Amino acid sequence: MDGPSIEEAAGILRAGGLVAFPTETVYGLGANALDEEAVRGIFRAKGRPQDNPLIVHLPKGELPAGLVLALPGSAQGLIEAFWPGPLTLVLPKGPKIPTAVSAGLSTVALRSPAHEGAQALLRAAGLPIAAPSANASGRPSPTRAEHVFEDLNGKIPLILDGGACEIGLESTVLDLSCEEPTLLRPGLITLEELGAVLGKTPRLGRGVMQPLAAGERAPSPGLLHRHYAPRAEVILVRGEGEGLVQKLKDEYDGAENAVILCADALMRRLLPRSCRGLGADERQMAKALFAALRGADEEGFSRVILQGVAEEGLGLALMNRALRAAGFRTIDA
Ligand code: TXA
Ligand code: MG
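Described below are features of the structure shown in this document. (Residues numbered from 1 in each chain as written. Chains lettered and ligands numbered in written order. Predicted model: local features only at pLDDT ≥ 70, side-chain atom pairs only at ≥ 80, totals over all residues. Heavy atoms only, no water.)

Quick notes on the site of ligand 1
Line of reasoning, step 1. Near ligand 1, the surroundings consist of 25 residues, among which Thr-25, Arg-48, Asn-52, His-57 and Ser-171 are the closest.
Line of reasoning, step 2. His-57 is positioned such that a nitrogen or oxygen atom in its side chain is 2.6 Å from an oxygen atom of ligand 1.
Line of reasoning, step 3. Burial of ligand 1 by the surrounding chains reaches 96%, relative to a free accessible area of 690 Å².
Line of reasoning, step 4. Within the residue set of the shell around ligand 1, elements represented by two or more residues are strand E3 (55–57), strand E5 (107–111) and strand E8 (182–185).
Line of reasoning, step 5. It is E5 that contributes the most residues to the shell around ligand 1, four residues altogether. (Near = heavy atom within 4 Å. Polar contact = N/O pair within 3.5 Å; in protein donor to acceptor, adjacent residues only side chain to side chain. Areas by Shrake-Rupley, 256 points an atom, 1.4 Å probe, with all protein chains shown as cover. Helix = DSSP H or I, 4+ residues; strand = E, 2+ residues; numbered from the N terminus.)

Below, the structure written as structure tokens:
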């Protein structure tokens, strides 16, 4: 990502066009957040349901006027602690936010990304940038420019290539517009870390770690939609130790054309079955997960057997994505 390509991207954004760009979490598909027509282009390019609002990305520094109605005291401390970085805050929407961005809600999601290229683009454009993940709706989020190309080639004029995203899972989303801070999407910034700044651990939103009951109201529209799914069918296997290894083997042996995605340490115990290591620890597994789901499709597997982890720390985010990729099809060892 050199100066001229950032300038070109900024020009496209200012003219109402779309640009894909890297962040520290995943690639985003950006448009001028203050231009309703430009924002509509994002929904068209992704095939995104109209009722799913977008995150507005900001350069570091002062919050521009008119984006939020009020900044609750709780937001101030979190912004100081975690911005720029992978934390999105849902706040009462200000008058400058077009309806298409908030999908008609009275709130708006804001984040200031830590990625230097993303910050350079925000500065060059001189605009807040609305950006969902730059995948076709429903597919795993893109963690490399090639993934964006796969999904959106021909639909957008420019992809800024910043290599592989450092974190690999989308930002933590925290709703501060309701009485009690509520986690809507877990990410690298954990419940425990948020709690340390807030003085109290946030609530976990309904529907985040289990399916919503039929007719139950979703605290975030994103919870209603299918996500992160490769074409292959995904089964999530939860458990520990020998029981987990045995269940992964059983699932594989009972399926055709399957692959196991698991921690590196388990690979040797599963051989000679087809398996792909996601890494040595949860940080590495988070970074590798979406690319591995896409890779399974590319290799032509029809079933992915995914190893679960404990729902703590970053493991909560990994399991949130895994549960959704699996459409909540789980097996407990
Ligand atoms: O890491 C990230 O957050 C990436 C990068 C590009 O910054 N962006 C991203 O955007 O993941 P997207 O659109 O794929 O996910 C945004 C999530 C959705 O689940 C959406 O429903 C939720 O945030 N969201 C956005 N605005 C909201 C609002 N006002 N109230 C509740 N949920 C909201
Ligand atoms: Mg997304």
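Let's talk about empty space enclosed by the protein
Line of reasoning, step 1. As enumerated under the stated definition, the model contains two cavities of 30 Å³ or more in all.
Line of reasoning, step 2. Reported here for the largest cavity is a volume of approximately 60 Å³.
Line of reasoning, step 3. Lining the largest cavity, in full, are Leu-278, Met-285, Leu-289, Leu-306, Gln-307, Gly-308, Val-309, Leu-318, Met-319 and Ala-322.
Line of reasoning, step 4. With three residues, the single largest contributor to the lining of the largest cavity is helix H11 (residues 314–325).
Line of reasoning, step 5. Looking at side-chain class alone, the lining of the largest cavity contains eight nonpolar, two polar and no charged residues.
Line of reasoning, step 6. Roughly 30 Å³ of internal volume is contained in the second largest cavity.
Line of reasoning, step 7. Lining the second largest cavity are Leu-183, Pro-186, Gly-187, Ile-189, Thr-190, Leu-191, Gly-313, Leu-316 and Ala-317.
Line of reasoning, step 8. Each residue belonging to the lining of the second largest cavity can be placed in one class, and the counts come to six nonpolar, three polar and no charged.
Line of reasoning, step 9. Here the lining of the second largest cavity gathers at least three residues from each of two domains, domain 1 (3–204) and domain 2 (233–332). (1 Å grid on protein atoms, 1.4 Å probe; cavity = no way out; pocket = protein on both sides within 12 Å on 5 of 7 lines; lining within 4 Å. Points joined across faces, edges and corners; volume = space filled by probe spheres on them. Nonpolar A, V, L, I, M, F, W, Y, C, P; charged D, E, K, R; others polar. Domains from an automatic or database assignment.)

Section: the environment of Ala-131
Line of reasoning, step 1. Along the chain, Ala-131 turns up in the loop between strand E6 (129–130) and helix H6 (145–152).
Line of reasoning, step 2. With relative accessibility at 4%, the residue Ala-131 sits in the buried group.
Line of reasoning, step 3. For the pair formed by Ala-131 and Val-56, sequence separation is 75 residues and the distance between their alpha carbons is 6.3 Å.
Line of reasoning, step 4. The residues contacting Ala-131, other than those within four sequence positions of it, are Phe-21, Gly-28, Leu-29, Gly-30, Ile-55 and His-57. (Buried < 20%, exposed > 50% of the residue type's maximum accessible area, 1.4 Å probe, protein only. Contact = heavy atoms within 4.5 Å.)

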